[in-house]
Structures are given as C-alpha cells and as structure tokens.
Amino acid sequence: MLYKCTVHTIVYRIRHNGHRIAGTDPTLRVGIRGDLLLAPSLTEGRRLQARLLGPDGQDLIQRLDYAEVCQIRGEAMHITGTELVSRVSRGKPSKFRQSWLCVWDEAVALELLGRVRVDAVPGFSPEDDDYPG
C-alpha cells in the first residue's frame, strides 16, 4: 500500500554529524518551517523517507532515509533516520544518524528542547586522559 503524508510543520534537527546537540546549544533551537513529507522510498522498497520541502518543492534540509516515526505525543512528533551527506560531487556519501523534532507550535518545541541533556563520557578523547574519575 502506497501512502504519502504532507503536513506544514517546524522541524528541529537534534543531531549534528550523528552526535546529539545539547539543550544548552543555541543551534538546537533553530527551527525550519516547511512541508513535512513522509513517503515510501523510491529505491528502498517499504522503507520511509522523510523530507522537509519549501514552497517550491525543494528540500530545505537533508532528507532522512530509513525514516521511522518513533513517537507522537501531544503536539510533537519524533522522527529518526539516516542522513546521507556528500562532501564531494563523486564518491560515497557519509552516513549519520539524525533525529527530527516536528511540531506545529514553536512554544511546544522550546519546552521540549529545554529537556535535552547530553552528558560527556570520559575516556573517548585525548583531553579526557587525566580525568580523575
């Protein structure tokens, strides 16, 4: 069964290069308004693709492949997927996990985004070598 859903919404990207953005980071609070399109992927069979389209039908942000609606609660929807980012015109694109918070009211998003917490985990970078523990 083929289906397509388009809804005017505000999308907040929760990750950058696969890593969660902290709730204190101002870039987390940059919402992009457009038409959210959830539709079957043309090349991946039954998998979904999520896109945020502008009035001209062009992508406003990088689309999500292997998209999955994880949760719908109240006036917010959480979508996860994979972002394929190509830095050059030829070659294999990099794959990054991505999450979108989709809302219809900015106030709802700001309240939810304030709860996002990212804790640093010691031992994964040279700066953490002397971490007391």
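Refer to the preceding data block for the structure.
Residues numbered from 1 in each chain as written. Predicted model: local features only at pLDDT ≥ 70, side-chain atom pairs only at ≥ 80, totals over all residues. Heavy atoms only, no water.

Colleague: Which residues make up the overall build of the protein, and what values go with them?
Modeller: In terms of helices and strands, the protein carries one helix and eight strands. For the protein, the succession of helices and strands along the chain, N to C, is β-β-β-β-β-β-β-β-α. (Helix = DSSP H or I, 4+ residues; strand = E, 2+ residues; numbered from the N terminus.)

Colleague: Before we move on, could you go through the pattern of salt bridges and cite the residues and values that matter?
Modeller: In the structure shown here, the tally under the stated rule is four salt bridges. With its nearest N and O atoms 3.4 Å apart, the salt bridge here joins Glu106 to Arg33. Taken together, the residues Glu106 in helix α1 (residues 106–113) and Arg33 in strand β4 (residues 31–40) connect sequence positions 73 residues apart. In this structure, Asp65 engages Arg63 in a salt bridge whose closest nitrogen and oxygen atoms are separated by 3.1 Å. Take Asp65: its relative accessible area is 10%, and that puts it in the buried class. For Arg63, a relative accessible area of 33% gives the class partly exposed. (Salt bridge = Lys/Arg side-chain N within 4 Å of Asp/Glu carboxyl O. Buried < 20%, exposed > 50% of the residue type's maximum accessible area, 1.4 Å probe, protein only.)

Colleague: Residues and numbers for the pairing of strand β6 (residues 64–73), please.
Modeller: Relative to β6, strand β5 (residues 48–53) runs antiparallel, the two sharing three bridges. Looking across to β6, one finds that Gln49 is bridged to Asp65. Two strands pair when backbone bridges link them, and β6 and strand β7 (residues 76–85) are joined in this way by six bridges, in the antiparallel orientation. When the bridges of β7 are listed, Asp65 appears paired with Thr82. Counting the residues that bridge the hairpin from β6 to β7 gives two residues, and of these Gly74 lies at a positive phi of roughly 60 degrees. (Pairing = 2+ DSSP bridges.)

Colleague: Give a detailed account of the side chain of Gln49, specifying residues and quantitative values.
Modeller: By the secondary structure assignment, Gln49 is in strand β5. By relative accessible area, which is 16% here, Gln49 ends up buried. Other than its neighbours up to four places away in sequence, Gln49 contacts Leu37, Leu38, Ala39, Ser41, Arg63, Leu64, Asp65 and Ala67. (Contact = heavy atoms within 4.5 Å.)

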